[in-house]
Amino acid sequence: MPWTTPTLAFYGLGAAALAGSVVKLRKRLELSQAKHKSLAGHARISRRLAAFVPFYDYGEDRFFCSDGAPAEIAERRRAGFARLSALYRTRFAETIRLTTEASANISDLQFTDAYRVPFQYRRMVSAALPAAAFVQSSSGVTVTDLDGNRAYDLTGSYGVNLLGNDFYKGAIERGAALVRELGPVLGPYHPLIVENTKHLKAISGLDEVSFHMSGTEAVMQAVRLARYHTKRSHLVRFAGAYHGWWGDVQPGVGNPVPAHETYTLNDMSERALHVLRTRRNIACVLVNPLQALHPNGSAPSDSSLLDSSRSAHFDKEAYAAWLKRLREVCTERNIVLIFDEVFVGFRLAKGGAQDYFGVRADLVTYGKTLGGGLPVGVVCGKRELMKRYRDNRPADICFARGTFNSHPYVMAAMNEFLAHLQTPQADALYRDLDRIWDDRAQSLNMRLAAAGLPVVLANMSSIWTVCYTQPSRYNWMLQYYLRTEGLALSWIGTGRLIFSLNYSQAHFEAVADRFVAAAKAMQDDGWWWKNPALTDKTIKRTILKEMVRHRLFGPRERQSD
Ligand SMILES: Cc1ncc(COP(=O)(O)O)c(C=O)c1O
């Protein structure tokens, strides 16, 4: 064939197209490798698989021996369960009564109640150990329910309660007095906002501040700004990290609509860095520093405690080194690095995670405790990233409002919180913080090990999670023994214990005594029966088989064999 100009052009174009496809394919493959291997990294597959999982539950006969325990052990468990149930029904009678009444009308209660334990056990647990979702008062480090039972508060009010509930009561009260003259007027600001802004700029080391009504909204706004200024579409989050409940940060199960512009990558991974270096569509990287406690793991809720594979370990140096590298790559590629400090913000250090890990972000979100006990979300950022319009293109804006943003009462309670941070008491609180909580975790772990209990706690300062050292299908039962011993847990159970910083050593010792007593009672009731043939793998296999069987044969049979 003669090599005419058109022929050459044709082959040239073909070769270019082929090369383009190869590059695209390679990039696709690299992205795939950088995504987290678990379902968390693959939103579409996870949604399809979630639709596959059939509901089934264990009846009386299977509930107590789903791990193959012999009749004698099942009987011990049955007796323990009945005893616990009787205790619950008498001790928490009024609290349970009101919870049951309210639950019929409050969808959130129905949801949290349905996800306290793995679904196979839910029906029997809900009937015997109903949720008790009300408290009437708080004092010191305790809360008191409607029946007058006082429990050590390990819920931390989802992380809001950093300084002790009494502090926030005072902050709200004193704050309300500061803005009483203005009242709930919205639109124009109360002057306190100026002081708050100054404090926030100093804490974050950033230039500007915007106020929102929740952590979720603050993260939404930070991502929106990053997209606006970079003119790129995608956000990167790391597997398992929580950033609120809006669509783009919940691309998988939980969100009925797929989020196409989110990459969920591996935490602490070279491949993730490679993707950041080579893709051109990434606007921002979201980091929730809590991931340092369980990189690539989700919030460890007891409803997913199917076996004992939950793991957690905090290595400050390793995580700081990872953040440093992330920072470098983001700078190199003009990707906006967002620290989502809504949860850990003021818990690790006065200057937040940026100070704690020694890495600076471009935008930082705060919330929870910053509101001084009232709802809030805040974005702090570099001036050029916070701007919501372009001088030379007046119609090209980045919109963000919110009726209740900068509410005077919130600003006032926040002012109380920020003012407290400037005091010598606050300095004293942060001094040796990690050592104190590490020592406490270690001492409790030593007690648990000495008592031969298959439980170990991992912590990141005052945020703790319970892990289990021996394969078991019943670890989720511990939350009920702990509650019976007077320890208040949030609905995710033993997955997260949050201590407020006003826990004295004596308070902590009391919690530790109760914790050991609860675990001991659970062991005595046979839930941690030892079977060398039982491994996390065999547990998972059994559950998978049950699911396939139920999927194939439907609800014809109840799981009872
Ligand atoms: C890291 C992080 N980001 C965002 C949020 C959402 O905050 P909010 O519940 O105030 O909307 C949370 C809440 O737990 C969080 O932990």
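In what follows, the structure referred to is the one given above.
Criteria and thresholds
- Residues numbered from 1 in each chain as written.
- Predicted model: local features only at pLDDT ≥ 70, side-chain atom pairs only at ≥ 80, totals over all residues.
- Heavy atoms only, no water.
- Helix = DSSP H or I, 4+ residues; strand = E, 2+ residues; numbered from the N terminus.
- Rg over C-alpha atoms; globule rule 2.2 N^0.38 Å.
- Buried < 20%, exposed > 50% of the residue type's maximum accessible area, 1.4 Å probe, protein only.
- Contact = heavy atoms within 4.5 Å.
- Areas by Shrake-Rupley, 256 points an atom, 1.4 Å probe, with all protein chains shown as cover.
- Axes fitted to C-alpha atoms, helices over the stretch in contact; angles between N-to-C directions.
- Parallel < 35°, antiparallel > 145°, perpendicular 65-115°, else oblique.
- Left-handed = near helix turned anticlockwise from the far one by under 90°.
- Nonpolar A, V, L, I, M, F, W, Y, C, P; charged D, E, K, R; others polar.
- Core = buried A, V, L, I, M, F, W, Y, C linked by side-chain atoms within 4.5 Å.
- Phe/Tyr/Trp six-rings, centres within 6.5 Å; stacked < 30°, edge-to-face > 60°.
- Salt bridge = Lys/Arg side-chain N within 4 Å of Asp/Glu carboxyl O.
- Near = heavy atom within 4 Å.
- Polar contact = N/O pair within 3.5 Å; in protein donor to acceptor, adjacent residues only side chain to side chain.
- Pairing = 2+ DSSP bridges.
- Expected span 1.5 Å × (residues − 1).
- Arc of directions from axis to C-beta.

> Looking at this structure, how should I read the overall build of the protein chain?
Assigned secondary structure in the protein chain consists of 21 helices and 16 strands. What you see for the protein chain is a C-alpha radius of gyration of 26 Å, in line with the 24 Å of a compact globule of 561 residues. When its C-alpha atoms are laid out on the principal axes, the protein chain stretches across 85 × 80 × 45 Å. With 561 residues in all, the protein chain has 53% of them scored as buried. If you take every contact in the protein chain between residues at least 6 apart in sequence, the share linking residues at least 24 apart comes to 77%. Carbon and sulfur atoms make up 58% of the accessible area of the protein chain, which totals about 25300 Å².

> Can you help me understand the packing of helix α11 (residues 270-278) against helix α12 (residues 316-333) in this one?
For any two helices packed against each other, the geometry comes down to the angle between their axes and how far apart the axes lie. Two elements in contact, α11 and α12, have axes separated by 9 Å at closest approach and are oriented at 15°. By the angle between their directions, the pair α11 and α12 is classed as roughly parallel. By crossing handedness, the relation of α11 to α12 is classed as right-handed. Between α11, through E270, A272, L273, L276, R277 and T278, and α12, the contact on the second element is made entirely by W322, R325, L326, V329, E332 and R333. Tallied by class, the residues present in the contact of α11 with α12 amount to six nonpolar, one polar and five charged.

> Where do I start with the nonpolar core in this structure?
One recurring pattern in soluble globular proteins: nonpolar side chains tend to sit buried together. Formed by 131 residues in total, the largest nonpolar core has its most connected members in F357 and F515. The element best represented in this core is helix α20 (residues 505-524), accounting for nine residues. One finds V219, V223, I338 and V379 within the second-largest nonpolar core, a separate group that totals 19 residues.

> What is the right way to look at the packing of aromatic side chains in this model?
Two numbers describe a pair of aromatic rings. These are the distance of the centres and the angle of the planes. Applying the stated criterion across every chain, the model contains 36 aromatic pairs. Relative to F81, the ring of F64 lies with its centre 5.5 Å away and its plane at 75°, an arrangement referred to as edge-to-face. Highlighted residues: F64 in the loop between α3 (60-63) and α4 (71-91) and F81 in helix α4, separated in sequence by 17 residues. Comparing F64 with F81, the two get one shared label, buried.

> Any chance you could explain the pattern of salt bridges here in plain terms?
Two side chains of opposite charge can pair, provided their charged atoms sit close to one another. Tallied over the full model, the rule gives 30 salt bridges. With a shortest N-O distance of 2.6 Å, K350 and D427 are connected by a salt bridge. Highlighted residues: K350 in the loop between α13 (345-348) and α14 (352-357) and D427 in helix α17 (residues 424-430), separated in sequence by 77 residues. Across the salt bridge formed by D355 and R360, the nearest N and O atoms sit 3.0 Å from each other.

> Quick question: what am I supposed to make of unusual backbone geometry here?
Excluding glycine, residues mostly carry a negative phi; peptide bonds, for their part, are mostly trans. Notably, Y158 is not glycine yet its phi reads approximately 60°, a positive angle. In this structure, Y158 sits in the loop between β3 (150-153) and α8 (165-179). Backbone geometry at S461 places phi at a positive 55°, although glycine is not the residue there. When you line up the elements, S461 lands in the loop between β13 (455-460) and β14 (463-468).

> What exactly am I supposed to notice about the site of the ligand here?
Around the ligand, the neighbouring residues are S214, G215, T216, Y242, H243, G244, N288, D340, V342, F343 and K368. Taking G215, its main chain carries an N or O atom lying 2.9 Å from an oxygen atom of the ligand. A distance of 2.7 Å separates an oxygen atom of the ligand from a polar side-chain atom of K368. Coverage of the ligand by the protein chains reaches 81% of its 390 Å² of free accessible surface. For the shell around the ligand, a count of residues per class yields three nonpolar, six polar and two charged.

> Would you explain the sheet that holds strand β1 (residues 135-139) in this entry?
To summarise the sheet geometry, strands pair through backbone hydrogen bonds and adopt either a parallel or an antiparallel arrangement. A sheet is described by the order of its strands in space; here four strands give the open sequence β1-β2-β3-β15, paired in mixed fashion. Lying at the two open borders of the sheet, with one neighbouring strand each, are β1 and β15 (487-488). In terms of strand pairing, β1 meets strand β2 (residues 142-145) through four bridges, oriented antiparallel. Bridge assignment links S138 to a residue of β2, and that residue is V143. The sheet contacts of α20 involve β3 and β15, and relative to β3 the element is tilted by about 105°.

> Is there a simple way to think about α4 in this case?
Along an α-helix, residues three or four positions apart point the same way, because every turn accommodates 3.6 residues. The end-to-end C-alpha separation of α4 is 30 Å, in line with the 30 Å expected for 21 residues at 1.5 Å each. I73, A74, R77, G80, F81, L84, S85 and Y88 are the residues of α4 that are buried. What you see down the axis of α4 is that its buried residues fit within an arc of 140°, all on one side. Of the residues in α4, the exposed ones pointing more than 90 degrees away from the buried face are A71, E72 and T90. Buried residues along α4 sit in contact with α3, α5 (93-103), α7 (119-128) and α19 (478-484).

> Mind showing me how you'd approach the sheet that holds strand β16 (residues 497-498) here?
Spatially, three strands are ordered β13-β14-β16 in an open sheet, and the strand pairing comes out antiparallel. Bordering the open sheet on either side are β13 and β16, each of which pairs with just one other strand. On the sheet, helix α18 (residues 433-450) packs against β13 and β14 and is oriented at approximately 175° with respect to β13.

> Sorry if this is basic, but what is going on with the pairing of strand β9 (residues 363-367) here?
For a regular strand, side chains alternate in direction, first toward one face of the sheet and then toward the other. Most of β9 sits out of view: five of its five residues are buried. The alternating pattern of β9 places L363, T365 and G367 and V364 and Y366 on opposite faces, both of which are buried. Both strand β8 (residues 336-340) and β9 contribute to a ladder of three bridges, which runs parallel. By the bridge assignment for β9, I338 is matched with L363. One ladder, built from five bridges, connects β9 with strand β10 (residues 377-381); its direction is antiparallel. Directly across from T365, in β10, lies its bridge partner V379.

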